[in-house]
Structure formats: structure tokens, C-alpha cells
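Residue-level structural notes
The lines below spell out each chain.
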There are 2 protein chains.
Amino acid sequence: MKRTKNDVCEVSFIDSKKVAAVKKKLKPERTVQGLAETFKVLGDPTRVKIIFALSQQELCVCDLASLLEASKSAVSHQLRVLRNMKLVKYRKDGKMAFYSLDDDHIKNLFDEGLRHVEESE
Amino acid sequence: MKRTKNDVCEVSFIDSKKVAAVKKKLKPERTVQGLAETFKVLGDPTRVKIIFALSQQELCVCDLASLLEASKSAVSHQLRVLRNMKLVKYRKDGKMAFYSLDDDHIKNLFDEGLRHVEESE
DNA sequence: TTTATATATGAACAACTGTTCAACTATTTA
DNA sequence: TAAATAGTTGAACAGTTGTTCATATATAAA
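A short tour of the structure in this document, coming up. (Residues numbered from 1 in each chain as written. Chains lettered and ligands numbered in written order. Predicted model: local features only at pLDDT ≥ 70, side-chain atom pairs only at ≥ 80, totals over all residues. Heavy atoms only, no water.)

1. Structural notes on the overall build of chain A
Formally: Secondary structure counts use DSSP, requiring at least four H or I residues in a row for a helix and at least two E residues in a row for a strand, with both numbered from the N terminus. Throughout, the radius of gyration refers to the C-alpha atoms, and the reference size of a globule is 2.2 Å times the residue count to the power 0.38. Buried, partly exposed and exposed residues are distinguished by accessible area as a fraction of the type maximum, computed with a 1.4 Å probe on protein chains only: under 20%, between the cut-offs, and over 50%, respectively. Contacts between residues were defined by any pair of non-hydrogen atoms, one from each residue, lying within 4.5 Å. Only the protein chains shown count as cover for residues, with accessible areas throughout obtained via the Shrake-Rupley method and a probe of 1.4 Å. Here Asp and Glu are counted as negative and Lys and Arg as positive; His is not counted, and neither are the chain ends. To locate a charge, take atom NZ for lysine, CZ for arginine, CG for aspartate or CD for glutamate.
Looking only at helices and strands, chain A has six helices and three strands in total. Put simply, chain A runs from its N terminus to its C terminus through helices and strands in the order α-α-α-β-α-α-β-β-α. A globule of 121 residues ought to have a C-alpha radius of gyration of about 14 Å, yet chain A, at 21 Å, is considerably larger. Its C-alpha atoms put chain A at 65 × 35 × 30 Å along the principal axes. In chain A, which comprises 121 residues, the share counted as buried stands at 44%. In chain A, the share of contacts with a sequence separation of at least 24, taken over all contacts with a separation of at least 6, comes to 49%. For chain A, the computed accessible surface area is about 6,800 Å², with 49% contributed by carbon and sulfur atoms. When the 23 basic and 18 acidic side-chain charges of chain A are each reduced to a single mean position, those positions are 8 Å apart.

2. So, unusual backbone geometry
All names here are of chain B. Of note, E69 is a non-glycine position whose phi angle comes to about 50°, a positive value. The residue E69 is located in the loop between α4 (61–68) and α5 (72–84) in this model. Backbone geometry at K86 places phi at a positive 60°, although glycine is not the residue there. Mapping K86 onto the fold places it in the loop between α5 and β2 (88–93). K86 gets classed as exposed once you look at its relative accessible area, which sits at 59%.

3. Observations regarding the sheet that holds strand β1 (residues 59–60) of chain B
Residue and element names in this part refer to chain B. To keep things clear, this is the line we draw: Strands qualify as paired when DSSP identifies two bridges or more between them.
Pairing is antiparallel in the open sheet, where three strands are placed in the order β1-β3-β2. Two strands in the sheet have a free side with no partner beyond their single neighbour: β1 and β2. Summarising the sheet, β1 and strand β3 (residues 96–101) pair through two bridges and their orientation is antiparallel. Each residue of the ladder has a partner; that of C60, found in β3, is F98.

This is the structure:
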């Protein structure tokens, strides 16, 4: 079995009481993954802009692309990500697709983040 | 000049009034980048676990590694990311480094996210 | 029906991310 | 002093991400 000097702690710990106490409170893996995924979706400048824009106004893909100075394709790809995460919804009107935020569910989180960033500037 | 059928909208828009109205409200690039970066840091399961653990208790690298069942190296790398973003701080005691959350600044944001995820389960 | 337009999408690609591994520093203990 | 331990770090690697490009679909207009 290969052992480096570095792996001592991988199977041990310093303070078993502390570790056990925190371990008991740890959220289930599913919750951790969900939380990370939620934050990750918000962790891209293009998506941040899209969400902010849609929090102001319902907009079509073309207007979003113009607004963000991005290609329609790039915007469309990102809208799909946001759609999959149920953060935005859309209505079709003729050949246009008007996107809006799916609900206020994420708006609070987004605003909380915005407050933090604007505070620390 | 190369033009595809697809690039019409890249320099145009559908509803100039809407676009202009939203454009006026758009946050400055710096804010958008900061917001995205903040969310991105929270958008990783390992870092989510670290932040949650440290919100319960001050912990050393070794205990964190044991708790998360990750290598010390992996934890240390992530702690550096969190340190750079000023999300965690540490005190040295002998050869140990005890980490804790830098302030409650991010705690609210984290809890807001947690509430969302736990609500939708 | 033909043409133009709004959007969606798969493939390809470069850039980025998180982990591991090995090596290093600093501190403690024998 | 030498050995062990806690932590840090750079390089390498695989996996992921976001964009572009080309193409496809659907609707509207000519």
C-alpha cells in the first residue's frame, strides 16, 4: 500500500468531539448539491445580467442579446440553463419568445447577493 | 465581410424602448462581475460544506478534511479560495490553523440559499 | 410558395475548475 | 538533532463550462 507522509490526517482527525458535533448538523448530500447548483447557476456574468434584466421587464431573446451585447445563440443557450433550473419561463407569441422570471423564489436570493456586493464597494 | 443569416439581431433589437429602459437600470460591469464571482465561490459542494461547517464551529484543516472526507490538500486549496474572497479567516496556533468565517456578511446569503433549497425539496 | 426572421440546438473548441500528487515550510516531539 | 505532523503550494490531469459556428425549426411576410 502506498503511503505518503501527507496522508496521516486523511483517516484521522484532531478533535473527534468537534468533528462529531458538526457532523451531526451537516446537511444531507442532496441539500448540499442543490445549494451548490443553485449558487453555481447564478455564478456567471451573462446569467446574472439576464436575471437582472428579466427582473425589470419581460424580454425576447433578441432584445436580451442586444441589451447584453451577446450573440442570440449564447443568450439562448444560457436561457435553456435557466429554464432547466426553473428560474425563467417563457411565452411564445408568433415567432418570438418572451422570457420572464419563473417566480420570485430566486429574486430574494439575487437581491441579497446584490446587496452584499454593493455594500462592499 | 462574413455574414450568416443568424447575425441580424446581433446589431439590432426588437423593441428599442424596452431595451433602452432596461439598459438604463443595468448594474455597472464591476457590480455584475462581483456578484457573479460571489455566487460562483458558493457554487461548489466542497466549499458549501466548508462554509456550513465553519458556521457551526471554528475548525482546523485536518478536522475539516476528516469531516468532509476530503484530502487535506483539497481542503487547503479551497480554503485559499475562500480566504482570497475574504469569506474565511484563520488563526495560527502552533502548527495548526484554525479557520472560521470572516464575518456574517456571507452567512445571510448562504442561509437565504439554504432556505430556498430546503423549501423546494 | 418562397424568403426572411426569431429562436433553438448539437458539435467543437478554448478556457477554467477542482482534485491529486509530490514536494516544501514550519512547528513540535522524541 | 532527527523524525513526525499540520498545513501550503505548484504542476498536471480530467472534467466542466461558455462561446461560436453551422444548421434546423417554426412562424410571418411577400
